[in-house]
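Observations on chain architecture
These are the residues of each chain, in order.
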Amino acid sequence: MEKVEEVKKLFVVSASPHIRSKHKTSTAMRIVTIALLPALVYSAYLYGPRVLLLTLISILAAVGAEAMLQRMLGKKISVADGSAVLTGLLLAYNLPPGAPWWLPAVGSAFAIIFAKQLFGGLGYNFINPALAGRAFLMASWPSLMTKEWLAPVGGTLSGIDGITAATPLSLLKNPANYGDPQIIVRQLNDFETIRNLFFGNIGGCIGETSVLFLLLGGLALLVLKIIDYRIVVGYLGSFALLAWLLPTPGSVLFHLFSGGLVLGAFFMATDWVTSPITRKGRWVFGIGCGVITIIIRLWGGYPEGVSYSILLMNVFTPLIDRLTKERIFGEQKRKGAKK
Amino acid sequence: MLSGFAGGVHPSENKETGECTIEVMPAPKKVYIPFSQHTGKPAIPLVKKGDDVKIGMKIGEADGLISASVHASISGKVIDIVDHPHPVIGSACSCIIESSDTEEWVKEVNAERDPASLTGKQLVDVIKEAGIVGLGGAAFPTHVKLSPPKEKRIDTLLINGCECEPVLTADHRLMLEHAATIIEGAKIFQRILDVQNLIFAIEDNKKDAVATFKQEGVSVAELKTKYPQGAEKQLIKAILKREVPRGGLPMDVGCVVHNVGTCHAALIAAKYGRPLIDRVVTVAGDGVKESKNVLVRIGTPVKSVIDFCNGYVSQPERVILGGPMMGIAQYSDDVPVIKGTSGILIWNNARISEEGPCVRCAACVDACPMGLMPTEICGFVKNKNIDMANAYGVLDCIECGCCAYECPAAIPLVHYFKYGKSEIWRRSKK
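Just so you know, these numbers come straight off a predicted model, no measurement behind them.

1. Notes on the packing of helix α2 (residues 50–72) of chain A against helix α3 (residues 83–93) of chain A
All names here are of chain A. Running from N to C, α2 and α3 cross one another at 145 degrees; their axes reach a closest spacing of 8 Å. In this structure, the crossing between α2 and α3 has a hand that is right-handed. Taken together, the residues of α3 that come into contact with α2 (itself represented by Leu54, Thr55, Ser58, Ile59, Ala61, Ala62, Val63 and Glu66) are Ala84, Val85, Thr87, Gly88, Leu89, Leu91 and Ala92. Split into classes, the residues belonging to the contact of α2 with α3 amount to ten nonpolar, four polar and one charged.

Have a look at this one:
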């Protein structure tokens, strides 16, 4: 009979700490997705079920492109982390409600493949994939991206009675094209228009019009500390200040509530991967977004500047991180540096 | 209420053993006493195989200034001096003593005397002879901290009763049951260091301890419960608003910090001449039948302590010595309790999350109490870019674990930092 030696079972070892908070990347992605949904539901009410279909196509294309590419590259398929879903959703939010069905599919696929996976996937993309997808569509099919607006149910494209040919920001940019500029500008700053802007009773991209519902989701993310207040406050604060200081016919509230500002400030500038990690850096990033947005709105070729401002600041993120390093505990100010 | 340091985390406390009075565990059959239980050089063995030893007998002599003596914790025979599993450094030369079942002390000890009759210099020698080290966990030789260079003007002595690690309650119980001893010990330190300010630092999750010490008429700083409030540098910052400079020591800002357990051990040494032969350990977790606070002889194998707590529930998956944030996972329960062992955690599950990609959420940056950028340093270490890791301050890391605790991608950041530090030290030795 063979002698069976009892092998002592060894305990599992790993590095400290041995406990972890409940935070998970995939949970955060899901919470952000959920926080975006009220705006989508309201959008479907305003512009019809068509927007739901476009959003669904966008999400499926994003998830499909990610799974397909990872399979082709022999990588682990990571669609379960929820980041592709979020990219698809955000891209759809940046499309006009009347866009053809293939537009979100192409945009999402581009966003995932060229802006995200080819740079190494989640965590390694240097620009926001959804915004990169939007920029790609803007460059390739500008007319489809800027003309397919739908008026909301019971409202007008501009938020002003009788003016149906332009969104509020286009009106502000070129009021003379649509009638008497003075009257139009006055109407844009009316309480009525501001209220329509706040509730989303205007024409615009699928997900950007309702300030109210975006705010609800965005504030929830702030409370849950999933997004950083510095970026949001820096962005909106600097933007509002400049909108007040600089010569523009639009009022501060008009500027804050129109276009994609709220969507951008709460949901896209705050993207973890493409915003700075230092505390100071997040302020710089937010303020930079605000400054560039207002510059584009007032002097740029486009009526809106949110997406390009965020993309530009995304590119600066590594540099910002390097120049705004945290102060290490016990670090002394360099002696005699001022001499 | 003081909190006053940036970063930190709030893990669930799970300090249920805070209600458990300290139970004295009888001397075990065998003890395994490593000659290295402290920061610094291992002690030099004074005994050999076959020697008879009594409780309190010095079996290892401190080697140089930064070292500490070790003493027999049971009476019996030295059956071997060999390498044995060690809870911190893997394996170390240890003295194995088999009990003779007689609780015999060496003659010199247990004679009561008045510590006031001793001078400061004599007291430092007593503490050195007694092999006392910091019992909070770092196990730095206490006599060294009590002998600051003359040019350092010390004005404040902080006694650390924060016990910010979740689960652990050993210091808490000691403060409740032996407040007078701790205070008397602290006053000995105060006399040695000749300082005016003596402050007891206690977190506000131990209201009863705060009240006990206030009743004794000593100055208590009640601190907001936040991990790592008990880390030396964070504690000094919170109470005195002073920042220990990078690479510096508390004495650089006129401050010395000692743990409550160390004060207790110092008084026992000063008053009864008794060396450090036991300490209070919190035993807890879902894998042990009875969670307790136990007074354990130094060198007692973990499995004997578990037997005293009625044994394992079933074959456990994890055994951790220390707290859940900074403790060290053990592969075997043969390891002994040493001077720095504050807790024994027995867990039935060993779920280790798979490391995902960093999404640069900056939770680690927000959590780091040292103002580091953990994810950046981690990236440098992973790429073997040790110089950049050094430039970004990896040596300032106190390994508190806040970053890895918060990381949504489950990246074991502290693991990488320990590796990065060891690489820097290895290269500087070359």
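2. Description of the sheet that holds strand β12 (residues 255–259) of chain B
Residue and element names in this part refer to chain B. Spatially, β11-β10-β9-β12 is the arrangement adopted by the four strands of the open sheet, whose pairing is parallel. Pairing within the sheet leaves two strands with one partner each, and these edge strands are β11 (219–223) and β12. Each adjacent strand pair in this sheet contributes to an overall mean axis angle of 25 degrees, direction not counted. Both strand β9 (residues 156–161) and β12 contribute to a ladder of five bridges, which runs parallel. Within the sheet, the bridge partner assigned to Leu158 lies in β12 and is Val257. Contacting β9, β10 (197–203) and β12, helix α4 (residues 179–193) crosses the sheet at an angle of about 155 degrees to β9. Relative to β12, helix α7 (residues 260–272) is tilted by about 80 degrees, and along the sheet it contacts β9 and β12.

3. What to know about the sheet that holds strand β13 (residues 278–284) of chain B
Residue and element names in this part refer to chain B. Spatially, the six strands line up as an open sheet ordered β1-β14-β13-β17-β15-β16, and their pairing is mixed. Across the chains shown, the open sheet's two edge strands, defined by having one partner strand only, are β1 (22–24) and β16 (328–330). Recorded for the sheet is a direction-independent mean angle of 30 degrees between the axes of neighbouring strands. As paired strands, strand β15 (residues 318–321) and β16 are joined by three bridges and run antiparallel to one another. Bridge pairing in β16 links Val319 to Gln330. Where helix α3 (residues 170–177) meets the sheet, it contacts β1, β13, β14 (292–297) and β17 (343–347), and its direction lies at approximately 125 degrees from that of β13.

4. Focus: unusual backbone geometry
With omega at -5 degrees, the peptide bond leading from A:Ser16 into A:Pro17 counts as cis. Relative to the helices and strands, A:Pro17 resides in the segment before α1 (25–47). That bond from B:Tyr227 to B:Pro228 is cis: its omega, -5 degrees, falls within 30 degrees of zero. Its place among the elements puts B:Pro228 in the loop between β11 and α6 (232–240). For A:Lys225, which is not glycine, the phi torsion reads 60 degrees and is therefore positive. Overall, A:Lys225 belongs to the exposed group, with 12 C-beta atoms counted inside 10 Å. Notably, B:Lys241 is not glycine yet its phi reads approximately 60 degrees, a positive angle. Take B:Lys241: it is sitting in the loop between α6 and β12.

5. Quick word on the pairing of β11(B)
Residue and element names in this part refer to chain B. Pairing between β10 and β11: five bridges, direction parallel. Along β11, the bridge assignment pairs Ala201 with Ala221. One crossover worth recording links β10 to the parallel β11 by way of helix α5 (residues 207–215), and it is right-handed.

6. With respect to the nonpolar core
The biggest cluster of nonpolar side chains holds 142 residues, and the ones touching the most others in it are B:Ala201, B:Ala266, B:Val305, B:Ile377 and B:Leu413. Discounting chain neighbours no more than four positions away, the residues touching B:Ile377 are B:Leu372, B:Ala389, B:Tyr392, B:Val394, B:Phe417 and B:Gly420. Ranked by size, the runner-up nonpolar core spans 90 residues in total, among them A:Tyr47, A:Leu103, A:Ile227 and A:Cys289.

7. A few points about the environment of B:Asp194
Note on placement: B:Asp194 falls in the loop between α4 and β10. Along the primary structure B:Asp194 and B:Leu157 are separated by 37 residues, whereas in three dimensions their C-alpha atoms are 9.5 Å apart.

8. Some remarks on the domain arrangement of chain A
Residues and elements named next belong to chain A. Here chain A is partitioned into domain 1 (25–147) and domain 2 (168–323). Distance from the C-alpha centre of domain 1 to the C-alpha centre of domain 2: 20 Å. Facing the 31 residues of domain 1 at the interface are 28 residues of domain 2. When residues of the side of domain 1 that touches domain 2 are traced back to their parent elements, those giving at least two are α1, α2, α3 and α5 (129–140). It is α1 that contributes the most residues to the side of domain 1 that touches domain 2, eleven residues altogether. For the side of domain 1 that touches domain 2, a count of residues per class yields 24 nonpolar, six polar and one charged.

About the thresholds
Within every chain, residues take consecutive numbers counted from 1 along the sequence as written. The lettering of chains begins at A and the numbering of ligands begins at 1, in the order of writing. Note on the predicted model: pLDDT of at least 70 is required for a residue's local features to be given, and 80 or more for side-chain atom pairs to be given and counted; whole-chain, interface and lining totals, by contrast, use all residues. Orientation is described by lines fitted to C-alpha atoms, with helices fitted over the stretch in contact, and by angles between N-to-C directions that extend from 0 to 180 degrees. The helix and strand labels rest on DSSP assignments: H or I over at least four residues marks a helix, E over at least two residues marks a strand, and numbering proceeds from the N terminus. It is the rotation of the near helix from the far one that decides the hand of a crossing: anticlockwise by less than a right angle makes it left-handed, clockwise makes it right-handed. Residue pairs are scored as contacts if the distance between their C-beta atoms, which are placed from the backbone, is within 7 Å. Under this grouping Gly is polar, as are all residues other than the nonpolar Ala, Val, Leu, Ile, Met, Phe, Trp, Tyr, Cys and Pro and the charged Asp, Glu, Lys and Arg. For two strands to be treated as a pair, DSSP must find at least two bridges joining them. Burial in this document is a count-based property: other C-beta atoms within 10 Å of a residue's C-beta are tallied, and the residue is buried at 20 or more, exposed at 12 or fewer, or partly exposed in between, with C-beta positions derived from the backbone. By definition, the crossover connecting two strands over a helix is right-handed if that path, from the first strand to the second, turns clockwise as seen with the strands pointing away from the viewer. Residues enter a nonpolar core if they are buried, belong to Ala, Val, Leu, Ile, Met, Phe, Trp, Tyr or Cys, and are joined to the set through C-beta atoms within 7 Å. Each domain's extent is set by a domain assignment, obtained either automatically or from a database.

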